[in-house]
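The primary structure of each chain is shown beneath.
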Protein chains: 4
Amino acid sequence: MNKRSGHESRKRIIESAVKLFSQSGYNGTTMRMIAKEAGISVGGLYLYFKNKEELSLYLIKEKLNEFYSKVLLPLKDIQSPSQALKEYFTKAIEFAKENRELIIIHGKQQGFAFGVEIKKELLKKEREILAEIIKRGIESQEFNEIEPEEVAKLLMNILGGYLLSVVVEPENLFKLEVCIDVILKGLLKRSNL
Amino acid sequence: MNKRSGHESRKRIIESAVKLFSQSGYNGTTMRMIAKEAGISVGGLYLYFKNKEELSLYLIKEKLNEFYSKVLLPLKDIQSPSQALKEYFTKAIEFAKENRELIIIHGKQQGFAFGVEIKKELLKKEREILAEIIKRGIESQEFNEIEPEEVAKLLMNILGGYLLSVVVEPENLFKLEVCIDVILKGLLKRSNL
Amino acid sequence: MNKRSGHESRKRIIESAVKLFSQSGYNGTTMRMIAKEAGISVGGLYLYFKNKEELSLYLIKEKLNEFYSKVLLPLKDIQSPSQALKEYFTKAIEFAKENRELIIIHGKQQGFAFGVEIKKELLKKEREILAEIIKRGIESQEFNEIEPEEVAKLLMNILGGYLLSVVVEPENLFKLEVCIDVILKGLLKRSNL
Amino acid sequence: MNKRSGHESRKRIIESAVKLFSQSGYNGTTMRMIAKEAGISVGGLYLYFKNKEELSLYLIKEKLNEFYSKVLLPLKDIQSPSQALKEYFTKAIEFAKENRELIIIHGKQQGFAFGVEIKKELLKKEREILAEIIKRGIESQEFNEIEPEEVAKLLMNILGGYLLSVVVEPENLFKLEVCIDVILKGLLKRSNL
DNA sequence: TATGAATGAGGCTTCATTCAT
DNA sequence: TATGAATGAAGCCTCATTCAT
């Protein structure tokens with residue numbers, strides 16, 4: 001009968017859940033597994049989270065927020081648009097590797113329908129931030145004239161595909177530099193190359 | 001007891017399974033759901049497929065083969081590398097829209113571990129075909145000098161991300177032309193623009 | 001679409017059922033198995049037997065009758081009581097080896113509750129025939145004075161155990177001669193040894 | 001939700017399973033039946049036994065061990081061979097009456113193939129112990145010269161048949177004294193009668 | 001007389017959730 | 001705050017049985 005502070009138990013539940021969900025997915029992870037990993041009783045889980053869905057929802061939110069504040073927000077402070085895009089890829093991928101379960105967020109595996117609203121919100125913010133960067137690049141004559149919104153989506157898709165690969169088919173991972181190289185060549189005005 | 005031809009029942013099962021698997025994933029789809037959607041009894045399912053796994057495996061194989069013969073193989077007959085790449089995206093995406101469930105293949109959600117070998121095989125072929133196209137583009141001085149294998153992977157990733165979006169977050173779909181435009185600009189030698 | 005005479009189909013069903021029931025038991029044998037073995041369709045089975053229970057019931061009856069007419073009845077014609085008992089064991093065991101499924105009858109495996117009445121009837125007849133033999137043996141001063149009914153039961157039990165072993169634990173089968181030897185020594189008056 | 005001690009639940013499951021298995025056999029007994037009889041939920045069963053097979057296996061092992069230590073082992077301490085054999089029957093039958101389900105062990109109904117190894121082992125030990133008794137009887141000139149192993153098998157078969165009857169056809173049960181009488185007369189040298 | 005696709009109840013098992021302690 | 005035995009719905013699968021052909 002370990003008497004831990006409630007705070008600590010909660011933390012351990014979250015850590016265990018993140019680990020297991022990303023290892024075995026939502027359906028593949030049972031509450032018992034989480035309890036065991038967290039060194040807590042099954043009943044204990046329900047003291048901190050109403051049910052499995054709520055727990056996973058919390059995890060998603062948390063990760064999304066972390067992604068936002070660690071990866072997206074800092075982009076706004078970078079002057080050079082090309083540099084910002086490089087950072088976007090580098091940081092996002094770095095983040096993904098530390099949080100393999102990120103795909104749960106970017107990839108949304110089947111049957112993980114809840115949390116959709118929250119995800120959409122983040123995706124929108126992400127799109128806006130990237131579009132803003134592209135726009136600045138166009139205005140500063142650095143980038144070709146292309147629709148910023150569309151390019152933003154493209155970049156996000158590339159990243160999404162990459163993240164998926166990180167988890168699913170590592171043998172298909174491309175070199176980041178090549179990717180950035182091609183993309184930037186595609187965006188930059190010839191005069192800037 | 002509706003008496004259908006065995007062939008028709010089989011077809012309906014496949015259609016229903018494809019639809020449901022792509023909507024709700026492997027774990028999220030129950031045999032009862034498939035049976036209901038196919039207008040057949042649960043037991044009837046097992047007249048045509050040994051079990052759930054075998055059913056889903058069949059679906060995967062079928063789609064992969066279709067993708068290979070309809071999208072990948074024709075690329076070999078296209079002379080111009082840029083044209084071939086355009087076709088790759090156009091056809092693949094067209095195929096994806098007709099088969100929203102393709103993500104089951106390109107995306108592989110958690111807990112869908114079987115059929116992995118078959119998928120890897122296709123991915124390898126896909127990579128080789130694309131790399132071959134890039135190589136030809138470089139040799140003909142059309143493309144910049146970049147590692148063909150890496151670019152192939154990049155292209156596949158972009159497509160993968162796109163396919164994911166087709167299913168998961170349609171609001172994030174980029175315009176195909178923009179994508180092709182950026183990528184080709186990134187690949188083509190300045191002198192070819 | 002084999003057009004067989006109804007008689008032949010029936011015969012083949014019976015043979016197949018006997019074979020499979022004795023191999024795999026009642027629950028372990030499916031109607032489909034029987035149909036396949038008989039080279040007939042599943043539906044065809046039901047043209048000849050109302051259901052599985054009725055089929056197995058018929059089999060039991062048939063075998064019991066065969067046992068009665070082939071093994072038990074002939075005993076009445078044997079003059080010498082000792083000889084009759086020898087015959088009882090020899091013939092019964094011979095019959096059992098040809099009809100491994102006999103245990104279904106003598107042994108009545110669990111969950112085979114129907115057909116009980118018919119079995120009881122045969123057991124009663126068997127007991128009477130044996131008791132009659134013993135009685136004659138006692139009257140002719142050949143056997144010790146023992147309760148004929150009880151000895152009859154004992155003999156039947158020994159046989160039952162033997163039959164069980166035939167099917168279940170062949171490594172535990174005793175030599176028939178030893179058995180007969182011991183039993184007869186136990187029954188015969190010393191003066192007759 | 002009745003809160004019983006884990007120990008009590010386990011005990012009740014075992015008792016119920018023993019009862020039902022011996023009544024209706026392995027296939028004839030469903031987990032639902034056991035749960036109901038034990039006054040527990042279906043899921044509860046799986047808290048104590050991994051699955052149906054494991055449950056039945058446990059039962060078999062338990063009973064076999066009990067039979068060995070209560071019935072077989074004590075025989076070794078009995079000086080007189082005849083007395084030992086009498087004890088064998090008396091104790092074994094007594095045990096059987098208390099454990100009607102013993103036939104599950106001695107009888108092995110169809111489709112109860114697991115646990116066979118364990119049973120064979122016990123049968124071997126049983127045969128050896130009995131053979132040893134017979135041998136001593138022969139050496140001490142008490143018994144006729146017969147193959148001890150064979151007689152051992154015979155005795156086991158008689159017991160097996162008896163046990164079967166205890167459960168299946170009580171109207172066919174012979175009187176124990178008669179049995180012992182006949183058998184011993186069959187074994188004992190005339191001079192010892 | 002014969003077929004075999006179709007049915008659906010029911011078997012085993014898992015697991016999110018509850019609640020007495 | 002914590003436990004873990006208990007619950008029961010629901011999942012996968014089998015199989016005796018039916019019936020349109």
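Basis of the calculations
- Residues numbered from 1 in each chain as written.
- Chains lettered and ligands numbered in written order.
- Predicted model: local features only at pLDDT ≥ 70, side-chain atom pairs only at ≥ 80, totals over all residues.
- Heavy atoms only, no water.
- Helix = DSSP H or I, 4+ residues; strand = E, 2+ residues; numbered from the N terminus.
- Buried < 20%, exposed > 50% of the residue type's maximum accessible area, 1.4 Å probe, protein only.
- Contact = heavy atoms within 4.5 Å.
- Areas by Shrake-Rupley, 256 points an atom, 1.4 Å probe, with all protein chains shown as cover.
- Salt bridge = Lys/Arg side-chain N within 4 Å of Asp/Glu carboxyl O.
- Disulfide = S-S within 2.5 Å.
- Expected span 1.5 Å × (residues − 1).
- Phe/Tyr/Trp six-rings, centres within 6.5 Å; stacked < 30°, edge-to-face > 60°.
- pLDDT = per-residue confidence, 0-100.
- Lys, Arg positive; Asp, Glu negative; His and termini not counted.

Let us look at the overall build of chain A. The number of helices and strands found in chain A is nine helices and zero strands. In sequence order, chain A lays out its α and β elements as α-α-α-α-α-α-α-α-α. Burial status across chain A gives 56% buried among its 193 residues. Considering only contacts in chain A between residues 6 or more positions apart, those separated by 24 or more positions represent 69%. When the accessible surface of chain A is totalled, it reaches about 9000 Å², and 50% of it is carbon and sulfur.

Moving on, we come to the environment of Leu-64 of chain B. Residue position: Leu-64 of chain B is located in helix H4 (residues 52–75). Separated by 18 residues in sequence, Leu-64 of chain B and Tyr-46 of chain B place their C-alpha atoms 23 Å apart.

For the structure on display, the rule yields 39 salt bridges over all chains. Lys-124 of chain B serves as the salt-bridge partner of Glu-128 of chain B, at 4.0 Å between the closest nitrogen and oxygen. Here the residue Glu-128 of chain B and the residue Lys-124 of chain B both occupy positions in helix H7 (residues 116–139), the gap between them amounting to four residues, near one helical turn. By sharing partners, the salt bridges in this structure join Lys-63, Glu-66 and Lys-70 of chain A into a single network.

Summed over the entire model, instances satisfying the criterion amount to zero disulfides over all chains. Between Cys-179 of chain C, a cysteine without a disulfide, and Cys-179 of chain D, which holds the nearest cysteine sulfur, the sulfur-to-sulfur distance is 11 Å. The exposure class assigned to Cys-179 of chain C is buried, which follows from its relative accessible area of 1%.

Each full turn of the α-helix corresponds to 3.6 residues, which orients residues three or four apart in the same direction. Along its 18 residues, helix H5 (residues 81–98) of chain D runs 25 Å from first to last C-alpha, staying within 8% of the 26 Å computed at 1.5 Å per residue. For H5 of chain D, every residue scored as buried is listed here: Pro-81, Ser-82, Ala-84, Leu-85, Tyr-88, Phe-89, Ala-92, Ile-93, Phe-95 and Ala-96 of chain D.

Our focus in this paragraph is the side chain of Glu-150 of chain C. For Glu-150 of chain C, the location among the structural elements is in helix H8 (residues 148–168). Among the residues examined, Glu-150 of chain C registers a relative accessible area of 8% and is labelled buried. Among residues more than four places away in sequence, those in contact with Glu-150 of chain C are Leu-173, Phe-174, Lys-175 and Val-178 of chain D.

Turning our eyes to something else, we now look at unusual backbone geometry. The phi torsion at Gln-141 of chain A lies on the positive side, around 65 degrees, for a residue other than glycine. For Gln-141 of chain A, the location among the structural elements is in the loop between helix H7 (116–139) and helix H8 (148–168).

Let us now look at the packing of aromatic side chains. Scanning the model with the defined rule gives 19 aromatic pairs over all chains in all. Aromatic side chains Phe-49 of chain A and Tyr-58 of chain A sit 5.6 Å apart centroid to centroid with 55 degrees between the ring planes, which places their arrangement in the tilted category. On the basis of relative accessibility, which here comes to 6%, the residue Phe-49 of chain A falls in the buried class. Given the relative accessible area of 29%, Tyr-58 of chain A is considered partly exposed. Here the aromatic rings of Phe-21 of chain C and Tyr-26 of chain C are separated by 5.6 Å at their centres, their planes lie at 15 degrees, and the arrangement is stacked. Looking at Phe-21 of chain C, the relative accessible area reads 2%, which means it is buried. Take Tyr-26 of chain C: its relative accessible area is 13%, and that puts it in the buried class.

Okay, helix H7 (residues 116–139) of chain C next. Residue and element names in this part refer to chain C. Spanning 24 residues, H7 covers 34 Å between terminal C-alpha atoms, matching the ideal 34 Å at 1.5 Å per step. Taken as a whole, H7 has its buried residues at Lys-119, Leu-122, Leu-123, Glu-126, Arg-127, Ile-129, Leu-130, Ala-131, Ile-133, Ile-134, Gly-137 and Ile-138. A positive backbone phi angle near 65 degrees is found at Gln-141, which sits one or two residues after H7.

This part takes up the confidence of the model for chain A. Low pLDDT marks regions whose predicted coordinates should not be analysed in detail. All names here are of chain A. For chain A, the average pLDDT comes to 84, and 85% of its residues sit at 70 or higher. Highest mean pLDDT in chain A belongs to helix H2 (residues 31–38) (96); lowest belongs to helix H6 (residues 102–106) (52). In this model, residues 108–112 is a region of pLDDT below 50 whose contacts with residues beyond four sequence positions or in other chains number 22 contacts.

Before going further, it helps to spend a moment on the environment of Phe-21 of chain C. Residue position: Phe-21 of chain C is located in helix H1 (residues 6–28). Measuring from C-alpha to C-alpha, the distance between Phe-21 of chain C and Ile-34 of chain C comes to 9.0 Å, with 13 residues separating the pair along the chain.

In this structure, Glu-142 of chain A sits in the loop between H7 and H8. Summary of buried charges: Glu-142 of chain A has no salt-bridge partner, and the nearest side chain of opposite charge, Arg-136 of chain A, is 7.6 Å away.

A few words now on the environment of Ile-134 of chain A. Residues and elements named next belong to chain A. Its place among the elements puts Ile-134 in helix H7. Its relative accessible area of 1% is what places Ile-134 among the buried residues. Ignoring any residue separated from it by four or fewer positions in sequence, one finds Ile-134 in contact with Leu-85, Phe-143, Pro-148, Val-151 and Leu-155.

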